[in-house]
Amino acid sequence: MSKIKFKRSITLVAASSLLSLTVVSVPTVARAADPACSTANFVTTCLGATSDTAPYMMMVPANFNGTVYLYSHGYRPNVPVPAGIPGYGGYTVTNTPEPAPGGNATIIGTLLGKGYAVMGSGFARQGWNADSAVKTNVELVGLFKKQFSKTEKVVAWGSSLGGFITQALAEQYPDLIDAAAPLCMASNIEPLMTMAGDALWGIKTFFDPTIKGGNYSAGAAGYAEAMGDLVKVFTAIGALQAAFAANPTAPAWPATSKVPDALKAIPSRSALVLVALMSGVPMQSAHFDSTSAPSVLSVSQQTSFQLAINPAFAALENLANAAALAVLATHDLELQSGGAIFDNTATNYAARVAEEQFVWSSALSGASATAGMLGYLAVAPRAKADPAAVAKMRTLVTHSGEVEIPTILFTGVADPVTTAGNQQSVIDKYEEYYAEKWAEAKANKRITGDYKKPDNNLLILWNFTPEKYTKYTALGAPDTSVPAATGTNHCNFTTSQLLAIADLLAYAADNGKNMSGGALRTKLRKAGNMTLDRGYSAPALKYYGD
Amino acid sequence: MIGKTGRKRTWLVAAVLAVGSLFATSLPANAEVGVSSSTIKLGITLPLTGAASPGYNKIGNAMNAYFQYVNDNGGVYGRKITLIQKDDQYSPQLAIAKTNELILKDKVFALVGPLGTATYTAVHKSVGLARRKVPSLFINTGFSGFSDKKKYPTSFTILPSYAMEAKVVSQFLKENFAGKKLGLVYQNDEFGIDALGAFKDAGVKFDVSIPYTSGTQSAATAQTWVSQLAAGGAQVVVFFGVTSATAPLLAVAAAAKYAPQWILGSVGSDPLTLQALGVPVAVMNGALTPAGNPSPNDTSDEYIKMFQEINTKYNNASFDDYVLQGMNLGLLTVQALRAAGPRLTRRGLIKAIENKGSTFASVSYSPLGFSKTSNVGHTGYYMAVVDAKGDRKPYGGSVDLYTTDSGKGPVVKSNFKRPAMPAKGLPTNK
């Protein structure tokens, strides 16, 4: 296989993956209980802060129809990331309010044009802030109703961590929220951090054992350690990317790797694929479909590229995203919990990949190589958590999956950060809950003779990837300068899709149930790449299989 | 997933059904996906293009040819069968996408003959065949893991497993090549591992053992295999891989004048495909292989004769093991559809194979193991040898069939007599 030159660095993708900084510009305002409102172009914009000092923004059209959209933004690191850090640097902590996904002006304009109001908080604390964010949002709803007495319906939506917050609102405040749409949602923190921790530990163990990977020190020292880890992780990923490009068939291991020479006989790309599989990171990424090959290659080379090399690039691109979350969120959660939260002392990585290793056999360089890598992982030093810290983390808000209001779930099947398994875990919990409710209804029929089938409050939507989407240059090099494929990347939704979600929320709030039938299918078809498939079940987060 | 609930049947519905039954014809209306009063829609994923496609790409057309023959002779209870083929290029991720397409877009009633172990493993899990209750008939892979009926409740295998194959070969090695230096080249995934475990359990030790990663087979890699085999002095070489790997192995060995006794696994030993891949007949002459079916050239066999006639009229492909396999899958499928009855449902089809599948007519000499507790198809092999014309003949002149299981069960010489080919190749079973 010849050398491959990329048109753009893969690791740069990570820089924008977690952050939603494109928000509406907000002037400095006094943080008072009563907002400062001004009206221009028939829209009243109110800025203020809730009692926890979280800044918020409300935008209400002159023809307000009584329904307001409450948006919860995604994860923003709670510490600045210096500009010099490769792949991710240049982030400043911000609590700028976000009244719609990414501050999307088209969405805001469209909703306001239809008579809907929008609002969102920037939240008082960044990082994993679900507990405080739920309280902030509850207060914000009260403030909005006080300010705009015409308010009749409140619909909540949010992305990533904001999806988690939205789900929590739906579960805990069904009297406050009329409909909810958790998008590309994070599920409970422990499964999520298990995925992130596994990915980070795999990168550390195979490619740079000096990565600390958690159990960071207190205060400034811990911050420095975390930032140091970011540098090391992205340096290792950069080295892998360069090696893949130079020799995709047998890329070298990074100089920082300390694995035995015998293991280095296995292509480094296979180790990266193993890390992705054992942590549950998808094998399709923004630019790599794991199905295609450059047409300039011979037929046998194309097969080899399809089965062995394209998946490795996908793993590389996705792990760049997952590892960033791992470092920043681990540092944050340890600050909140008071100690190390990731523990893999009992994790059986071989069991984790028992079936998948056959599916991705070529990418893993065969069963013997896989056994060799798993054998190395089996004896490698493990991360041990502080039980008290884990116990404290477990006191943070979790999802029960039990919603009594219409709720719409939507995510990409190849989201590398909040993988589709996050959405699936909530679906699974709701199904159990629904089955119980149904059983109760049947039991009640036997006693009273009355029977009413319980409402199914969950509308489950998926954003599937195309069959083939990797683009290649005329010379056969993968082209990563093109936009990420649909269904991939973190919260990678189009404006049309988000507007469709907004419409579905409005319908659900007005009717007390989710849209269904032909109307729903027409709406999804027009939005594009929104699939209703009750038979689909996303791979569960690895945490649930341990 | 939350299933649909049965609706309370009102007197009105009952009345409508009663009236409807008065007008029932010989083509019952069906509410089942992929079934209408006049058609049954089936689907298959397999490599139609790409390096792994040689040979495999003939199976779908052959099956379709048989279905066309049945359709021209009245179909199945009056319904014509439509087969939709999708090219997965042997890629698991692509197989998932293509199977989703078959189920969600094309809305097929069932899958028939999906090919490949890695692809099927990926499809079964990601598409959720069991969860969706989609019947998956006669999957083209010998991975013994698929015989787990609890895990694969809607899937049915057809090939004897790789483990069964290795057990039969082990016995043959002990009986015929004791004391010889043994070599093994195997695909280093569940295909080869399945066989490897069985060889180990049988106590066969290889002096030279060479794993290769699927997709890496080429003349260059074959050169390294041959060098290692020759250096190790292997006198008998067992090969467990696909045809696209057998071809360079035999060609490179011949060029190097390395001529061990080859024992080629059933998957990678079709003489016609090997010839098409550039292996001269003379190189294959004398190679041994476990076989389940008669030679595709054996026109004295009633199945072969019938299938050749159908192939000539409806397919016009060179008749080889893959065409034979495709035709036979068609024959088995039609019997399964018939056994499920005129009111065709997915559940009914699965039950029909469980209850009656072991009695189906099939070209293979070994019994079918289908039952309420087993989704395992054929269960045995005989040893064959490739002659100077590139034809496969029973080793020793007669078919000595051995049956076994994928576990620790013994290898037993079988006197099983396969059912006769249905008259004119058209099943009439119920």
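Residues numbered from 1 in each chain as written. Chains lettered and ligands numbered in written order. Predicted model: local features only at pLDDT ≥ 70, side-chain atom pairs only at ≥ 80, totals over all residues.

**Considerations on the sheet that holds strand β7 (residues 179-183) of chain A**
Residues and elements named next belong to chain A. Across the sheet, which stays open at both edges, the nine strands sit in the order β1-β2-β3-β5-β4-β6-β7-β8-β9 with mixed pairing between neighbours. Because the sheet does not close on itself, it has two edges, and the strands there are β1 (36-40) and β9 (458-463). With strand direction ignored, the average angle separating the axes of adjacent strands in the sheet is 15°. Bridge count for strand β2 (residues 43-49) against strand β3 (residues 55-61) is seven bridges, and the pairing is antiparallel. When the bridges of β3 are listed, Val43 appears paired with Pro61. Strands in contact with helix α3 (residues 130-147) are β2, β3, β4 (67-72), β5 (117-121) and β6 (153-159); relative to β4, the strand with the most contacts, it is inclined by about 155°. (Pairing = 2+ DSSP bridges. Helix = DSSP H or I, 4+ residues; strand = E, 2+ residues; numbered from the N terminus. Axes fitted to C-alpha atoms, helices over the stretch in contact; angles between N-to-C directions. Contact = placed C-beta atoms within 7 Å.)

**Quick word on the sheet that holds strand β1 (residues 39-46) of chain B**
The strands making up a sheet associate through hydrogen bonds between their backbones, and the pairing can be parallel or antiparallel. All names here are of chain B. Strand order across the open sheet formed by five strands is β2-β1-β3-β4-β5, with parallel pairing between neighbours. Across the chains shown, the open sheet's two edge strands, defined by having one partner strand only, are β2 (80-87) and β5 (155-157). Here the strands of the sheet are splayed against their neighbours by 25° on average, with no regard to which way each runs. In terms of strand pairing, β1 meets β2 through eight bridges, oriented parallel. Each residue of the ladder has a partner; that of Leu42, found in β2, is Leu83.

**Let's talk about the interface of chain B and chain A**
At the interface, 32 residues of chain B touch 31 residues of chain A. Only α3 (92-105), α4 (117-132) and α6 (190-201) of chain B provide two or more residues apiece to the side of chain B that touches chain A. The element contributing the most residues to the side of chain B that touches chain A is α4(B), with eight residues. In the side of chain B that touches chain A, the residues fall into 13 nonpolar, 14 polar and five charged. (Nonpolar A, V, L, I, M, F, W, Y, C, P; charged D, E, K, R; others polar.)

**What to know about the domain arrangement of chain A**
Residue and element names in this part refer to chain A. Segmenting chain A into domains produces domain 1 (15-19 + 29-187 + 399-545) and domain 2 (190-393). Between the C-alpha centres of domain 1 and domain 2 the distance comes to 29 Å. Between domain 1 and domain 2, the residue contacts involve 44 residues of the former and 43 residues of the latter. Of the residues that constitute the side of domain 1 that touches domain 2, the class distribution is 24 nonpolar, 17 polar and three charged. (Domains from an automatic or database assignment.)

**As for the packing of helix α7 (residues 219-231) of chain B against helix α8 (residues 243-255) of chain B**
All names here are of chain B. Running from N to C, α7 and α8 point in directions that differ by 60°, and their axes come no closer than 8 Å. Classified by the interaxial angle, the pair formed by α7 and α8 is oblique. The two elements α7 and α8 cross, and the hand of that crossing is right-handed. Listed contacts from α8 to Ala219, Ala222, Gln223, Trp225 and Val226 of α7 are Pro248, Leu249, Val252 and Ala253. Each residue belonging to the contact of α7 with α8 can be placed in one class, and the counts come to eight nonpolar, one polar and no charged. (Parallel < 35°, antiparallel > 145°, perpendicular 65-115°, else oblique. Left-handed = near helix turned anticlockwise from the far one by under 90°.)

**Quick word on the pairing of strand β8 (residues 236-240) of chain B**
Every regular strand shows the same layout, with side chains that alternate between the two sheet faces. Residue and element names in this part refer to chain B. Burial analysis of β8 places four of its five residues in the buried class, which makes it a mostly covered element. The pairing of strand β6 (residues 182-187) with β8 spans five bridges and is classified as parallel. Bridge pairing in β8 links Leu184 to Val238. One ladder, built from four bridges, connects β8 with strand β9 (residues 261-264); its direction is parallel. What sits directly across from Val238, in β9, is Ile263. Read from β8 through α8 to β9, the crossover connection turns out right-handed. (Buried ≥ 20, exposed ≤ 12 C-beta atoms within 10 Å, placed from the backbone. Right-handed = clockwise from strand over helix to strand, strands pointing away.)

**Quick notes on the domain arrangement of chain B**
Residues and elements named next belong to chain B. Here chain B is partitioned into domain 1 (25-160 + 299-378) and domain 2 (162-291 + 382-413). Taken over C-alpha atoms, the centre of domain 1 sits 28 Å from the centre of domain 2. Listed as interface residues are 19 residues of domain 1 and, on the opposing side, 22 residues of domain 2. Broken down by secondary-structure element, the contributors of at least two residues to the side of domain 1 that touches domain 2 are α4 and α12 (321-339). Taken together, the residues of the side of domain 1 that touches domain 2 break down into nine nonpolar, eight polar and two charged.

**Thoughts on unusual backbone geometry**
Residue and element names in this part refer to chain B. The phi dihedral of Phe138 falls on the positive side, at around 55°, and the residue is not glycine. In this structure, Phe138 sits in strand β4 (residues 136-139). A positive phi angle is found at Lys257, which is not glycine, with a value near 55°. Structurally, the position occupied by Lys257 is in the loop between α8 and β9.

**Thoughts on the nonpolar core**
Judged by nonpolar contacts, the single largest core of 295 residues is most densely connected at Val118(A), Leu319(A) and Leu505(A). By residue number, the principal contributor to this core is helix α9 (residues 299-337) of chain A, which donates 20 residues. (Core = buried A, V, L, I, M, F, W, Y, C linked by C-beta atoms within 7 Å.)

**Considerations on helix α16 (residues 517-527) of chain A**
Buried residues are scarce in α16(A), accounting for one of its 11 residues. Positive backbone phi, at 85°, marks Gly528(A), one or two positions downstream of α16(A).

**A few points about the confidence of the model for chain A**
Do not read the fine detail of predicted coordinates wherever pLDDT is low. For chain A, the average pLDDT comes to 93, and 94% of its residues sit at 70 or higher. Contacts for the low-pLDDT stretch residues 5-32 of chain A, under 50 throughout, to residues beyond four places or in other chains number 72 contacts. (pLDDT = per-residue confidence, 0-100.)

**Quick word on helix α4 (residues 161-172) of chain A**
Residues and elements named next belong to chain A. In this model α4 runs 16 Å from its N-terminal to its C-terminal C-alpha over 12 residues, within 8% of the 16 Å that 1.5 Å per residue would give. Among the 12 residues in α4, 11 count as buried, and that is most of the element. Looking only at α4, the buried set comprises Leu161, Gly162, Gly163, Phe164, Ile165, Thr166, Gln167, Ala168, Leu169, Ala170 and Glu171. Looking at the buried side of α4, the elements it contacts are β4, α3, β6, β7, β8 (407-412) and α14 (420-448). (Expected span 1.5 Å × (residues − 1).)

**A look at the confidence of the model for chain B**
Residue and element names in this part refer to chain B. On average, chain B scores 92 in pLDDT, and the residues at 70 or more come to 93%. Predicted confidence is poor over residues 1-26, with pLDDT under 50, and the contacts of this stretch with residues over four places away or in other chains come to nine contacts. Interface confidence in the predicted complex, given as ipTM, is 0.87; pTM for the same model is 0.90.

**A look at the packing of helix α8 (residues 268-279) of chain A against α9(A)**
Residue and element names in this part refer to chain A. Here α8 crosses α9 at 60°, and the two axes come no closer than 9 Å. Relative to α9, the element α8 is oriented oblique. For the element pair α8 and α9, the recorded crossing hand is left-handed. Touching Arg269, Leu272, Val273, Val275, Ala276 and Ser279 of α8 are Ile309, Pro311, Ala312, Ala315, Leu316, Asn318, Leu319 and Ala322, all from α9. Here the residues of the contact of α8 with α9 sort into 11 nonpolar, two polar and one charged.

**With respect to the pairing of β1(A)**
Residue and element names in this part refer to chain A. Here β1 lies mainly on the outside; zero of its five residues are buried. Pairing between β1 and β2: five bridges, direction antiparallel. When the sheet's bridge partners are listed, Ser38 is paired in β2 with Thr45. Connecting β1 to the next strand, β2, in antiparallel fashion are two residues, including Asn41 with a positive phi near 50°.

**Observations regarding the environment of Glu152(A)**
All names here are of chain A. On the secondary structure map, Glu152 appears in the loop between α3 and β6. Judged by local crowding, Glu152 falls into the partly exposed class, with 13 C-beta atoms found within 10 Å. Discounting chain neighbours no more than four positions away, the residues touching Glu152 are Gly66 and Thr67.

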